[in-house]
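# Examining the three-dimensional arrangement
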Amino acid sequence: MDNIALFNISLSKCKTDYFDFYLLHNITEWSVKIYESPEYNIIPDIIRMKEEGKIRHLGFSFHGGPDLLEEFLSRHEGLFEFVQIQCNYLDWTLQDAKRKYEIITRHGLGVWVMEPCRGGKLAALSEENHEKLQKLNPGASDASYAFRFLLGFPGIKMILSGMNEVFQVEDNLNTFNNYKALSEEEKDTLFAIAESMKKGVPCTSCRYCCPGCPMELNIP
């Protein structure tokens, strides 16, 4: 089945004639070869769907390095409107999200953020790091600091947050509705916390690996 047929099946299942926002998934040093291969005709078919109005706004999620991001955007200048990247105050340096942000915004595109709390890791800090933030702003959640960090960048247009409790929804709404820019002391503290977290395995604590462990280890 070709790309157009598959795309139309997606439209039919969603009971719509077009998608407001459509993303190419997971552009990396490996997958980009598939997306750009003449054999699969993915990019030309996506362009056709956009020209026919079946895609209103086109973007892609990215998990590669900054050099590939620059090259991919330059090769397809004018095609995309936004890029979704993993971005938070830990990955700002650990995964070079800072440089990726700068590349995306320099191309005039919007930045969408996935993993703002890094799978929950930045929403439940160690007791030591939690206390550092409490001294600066008693009662503020660890997650609120992660969001306030991102809200300080005008190029970030969408922040996607995984929430599984009502209080998390309420806390996030409060953070966004009553946004307060980070002070220099708060920024310095966040980056210091990030540096301390780099000493271990860069696990997001998503726990996806736990059910598959035959020894039932608490892997994170």
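Here the structure is shown first, and the text comes after it.
Quick summary incoming for the structure in this document. The structure presented is a predicted model; accordingly, all values stated were derived computationally and were not measured.

Rules used in this analysis
- Residues numbered from 1 in each chain as written.
- Predicted model: local features only at pLDDT ≥ 70, side-chain atom pairs only at ≥ 80, totals over all residues.
- Heavy atoms only, no water.
- Pairing = 2+ DSSP bridges.
- Helix = DSSP H or I, 4+ residues; strand = E, 2+ residues; numbered from the N terminus.
- Axes fitted to C-alpha atoms, helices over the stretch in contact; angles between N-to-C directions.
- Salt bridge = Lys/Arg side-chain N within 4 Å of Asp/Glu carboxyl O.
- Buried < 20%, exposed > 50% of the residue type's maximum accessible area, 1.4 Å probe, protein only.
- Patch = residues over 30% accessible without salt bridge, like charges linked within 9 Å, V, L, I, M, F, W, Y side chains within 5 Å.
- Areas by Shrake-Rupley, 256 points an atom, 1.4 Å probe, with all protein chains shown as cover.
- 1 Å grid on protein atoms, 1.4 Å probe; cavity = no way out; pocket = protein on both sides within 12 Å on 5 of 7 lines; lining within 4 Å.
- Points joined across faces, edges and corners; volume = space filled by probe spheres on them.
- Nonpolar A, V, L, I, M, F, W, Y, C, P; charged D, E, K, R; others polar.
- Parallel < 35°, antiparallel > 145°, perpendicular 65-115°, else oblique.
- Contact = heavy atoms within 4.5 Å.
- Phe/Tyr/Trp six-rings, centres within 6.5 Å; stacked < 30°, edge-to-face > 60°.
- Lys NZ or Arg CZ within 6 Å of the ring centre and 35° of its normal.
- Arc of directions from axis to C-beta.
- Disulfide = S-S within 2.5 Å.
- Core = buried A, V, L, I, M, F, W, Y, C linked by side-chain atoms within 4.5 Å.

Bringing the sheet that holds strand S2 (residues 55-62) into the picture now. Read across the open sheet, the 5 strands follow the order S1-S2-S3-S4-S5; overall the sheet is parallel. For this open sheet the edge positions go to strand S1 (19-27) and strand S5 (156-159), each flanked by a neighbour on one side alone. Looking at each pair of strands side by side, their axes are set apart by 25 degrees on average, direction ignored. As judged from the 3 bridges shared by S2 and strand S3 (residues 82-86), these two strands associate in the parallel manner.

Moving on: the pattern of salt bridges. One pass over the full model with this rule turns up 11 salt bridges. The shortest N-O distance in the salt bridge between Asp67 and Arg99 comes to 2.6 Å. Placement of the pair is Asp67 in helix H4 (residues 66-75) and Arg99 in helix H6 (residues 97-106), with a sequence separation of 32 residues. Take Asp67: its relative accessible area is 47%, and that puts it in the partly exposed class. Among the residues examined, Arg99 registers a relative accessible area of 34% and is labelled partly exposed. With its nearest N and O atoms 4.0 Å apart, the salt bridge here joins Lys132 to Glu128.

The next point concerns a nonpolar patch on the surface. Residues Met1, Leu6 and Ile9 make up a contiguous nonpolar surface patch of roughly 320 Å² in combined accessible area. As for its position among the elements, Leu6 is in helix H1 (residues 3-13).

Another point: the layout of surface pockets. Regions of empty space are outlined by a rolling probe, equal in size to a water molecule, passed over the atoms. Size it by volume and the largest pocket reaches roughly 590 Å³. Put simply, the parts of the chain that give the lining of the largest pocket at least two residues each are helix H8 (142-151) and helix H9 (166-177). Per-element tally for the lining of the largest pocket: the top contributor is H9, with 4 residues. In terms of residue class, the lining of the largest pocket is made up of 11 nonpolar, 10 polar and 4 charged.

Let's shift gears to the packing of H4 against H6. Relative orientation of the contacting elements H4 and H6 amounts to 10 degrees, with a least axis distance of 9 Å. Our classification of the angle between H4 and H6 gives roughly parallel. Of H6, the residues touching H4 (which contributes Pro66, Asp67, Leu69, Glu70 and Leu73) are Arg99, Lys100, Ile103, Ile104 and Arg106. Residues that form the contact of H4 with H6 fall into these classes: 5 nonpolar, no polar and 5 charged.

Our focus in this paragraph is the packing of aromatic side chains. What the rule picks out here adds up to 18 aromatic pairs. A centroid spacing of 5.7 Å and a plane angle of 85 degrees characterise the contact between Phe7 and Phe19, whose relative ring orientation is edge-to-face. Note that Phe7 is positioned in helix H1 and Phe19 in strand S1, a separation of 12 residues in sequence. In this structure, Phe7 and Phe19 share a single accessibility class: buried. Connected via pairs of aromatic rings, a cluster forms that spans Tyr89, Trp92, Tyr101, Phe149, Phe153 and Phe191. It is Arg148 that lies over the ring of Tyr145; its NZ or CZ is 5.3 Å from the centre.

Restricting attention to buried positions, one finds in helix H3 (residues 42-51) the residues Ile42, Ile43, Asp45, Ile46 and Met49. Buried residues along H3 cover an arc of 165 degrees about the axis, so they all sit on one side. Buried residues along H3 sit in contact with H1, S1, helix H2 (31-35) and S2. Positive phi shows up at Gly53, right after H3, with a value of about 80 degrees.

Moving on, we get to the state of the cysteines. A complete count under the given rule lists 0 disulfides for this structure. Cys209 forms no disulfide, and the closest cysteine sulfur to it belongs to Cys210, at a distance of 4.4 Å.

The next point concerns the nonpolar core. Of all hydrophobic cores here, the largest spans 53 residues; its most connected members are Phe60, Val83 and Tyr89. Here this core takes 6 residues from H8, the largest share from any one element. What Phe60 contacts, discounting residues up to four positions off in sequence, is Leu23, Leu24, Ile27, Leu69, Phe72, Leu73, Phe80, Phe82, Val83 and Gln84.

Without other data, these values stay purely geometric and don't point to any function.
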